[in-house]
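# Overview (structure and organization)
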Amino acid sequence: MPAVPSAVLTTAGLIGGYSVARATGNRPLGGAVLAGFGAAAFETTRRSTGLGTAIALTGVYVAAFGLSHPLARRVGSWPAVLGVTAATAAVAVASSDRSEA
C-alpha cells in the first residue's frame, strides 16, 4: 500500500488541528490532531527521503503553526491557516513527495 504523501498529512494536520480546536473550543485537542498528523508526515518523509529531510520538514511544519498565530492578527484566522498550510504543502512536495512520483 503506498504511503500517504507528506503534503496531504501536513495539510490535514494544520487545517484539521485548527478546525478541531475552533469547533470544540478545546485547544489541546486541536494540538493533538496537529501532533498526530505531524508525526505521520515525519515518518512518511523519513521513509521516503531520509531523516534529515524529515527533520527539516517537521521544522517547517512547526514554524508554520507558530507563524499562523501572529499572521492571524493581521489577515484573519482562516487566511493565516490556509496560507501557512499552502506554504508547508509546497515545501513537502518539493522536498519529499516529488521523489515518490
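Now for a quick tour of the structure. Since we're looking at a predicted model, the values are computed, not measured. (Residues numbered from 1 in each chain as written. Predicted model: local features only at pLDDT ≥ 70, side-chain atom pairs only at ≥ 80, totals over all residues. Heavy atoms only, no water.)

## Concerning the pattern of salt bridges
Under the counting rule described, the total for this entry stands at 2 salt bridges. When the shortest N-O distance is used, the salt bridge between Glu43 and Arg46 registers 2.5 Å. Placement of both Glu43 and Arg46 in helix 2 (residues 27-49) is noted, with a separation of 3 residues, approximately one turn of the helix. Exposure remark for Glu43: the relative accessible area of 25% places this residue in the partly exposed category. Of the residues examined, Arg46 reaches a relative accessible area of 34% and is grouped as partly exposed. Glu43 is the partner of Arg47 in a salt bridge, and the nearest nitrogen-oxygen pair spans 2.7 Å. Placement of the pair is Arg47 and Glu43 together in helix 2, with a separation of 4 residues, close to one helical turn. (Salt bridge = Lys/Arg side-chain N within 4 Å of Asp/Glu carboxyl O. Helix = DSSP H or I, 4+ residues; strand = E, 2+ residues; numbered from the N terminus. Buried < 20%, exposed > 50% of the residue type's maximum accessible area, 1.4 Å probe, protein only.)

## Description of the side chain of Ser68
For Ser68, the position within the fold is in helix 3 (residues 51-75). Among the polar contacts made by the side chain of Ser68, one reaches the main-chain carbonyl oxygen of Phe65 at a distance of 2.6 Å. If near-sequence neighbours (up to four positions away) are discounted, Ser68 is found in contact with Ala80 and Val84. (Polar contact = N/O pair within 3.5 Å; in protein donor to acceptor, adjacent residues only side chain to side chain. Contact = heavy atoms within 4.5 Å.)

## Description of the nonpolar core
Counting residues in hydrophobic clusters, the biggest one holds 5 residues: Leu14, Leu34, Tyr61, Ala64 and Val84. Filtering out sequence-adjacent residues up to four positions away, Leu34 remains in contact with Gly13, Leu14, Gly17, Tyr61 and Phe65. (Core = buried A, V, L, I, M, F, W, Y, C linked by side-chain atoms within 4.5 Å.)

## As for the packing of aromatic side chains
Per the counting criterion, the structure on display carries 1 aromatic pair. Summarising the aromatic geometry, the rings of Tyr18 and Trp78 are spaced 4.8 Å apart at their centres and angled 90° between planes, so their arrangement reads as edge-to-face. Taken together, the residues span a long stretch of sequence, with Tyr18 in helix 1 (residues 6-24) and Trp78 in helix 4 (residues 77-100) at a distance of 60 residues. (Phe/Tyr/Trp six-rings, centres within 6.5 Å; stacked < 30°, edge-to-face > 60°.)

Note that every value here comes from positions in space, so none of it alone points to a role or purpose.
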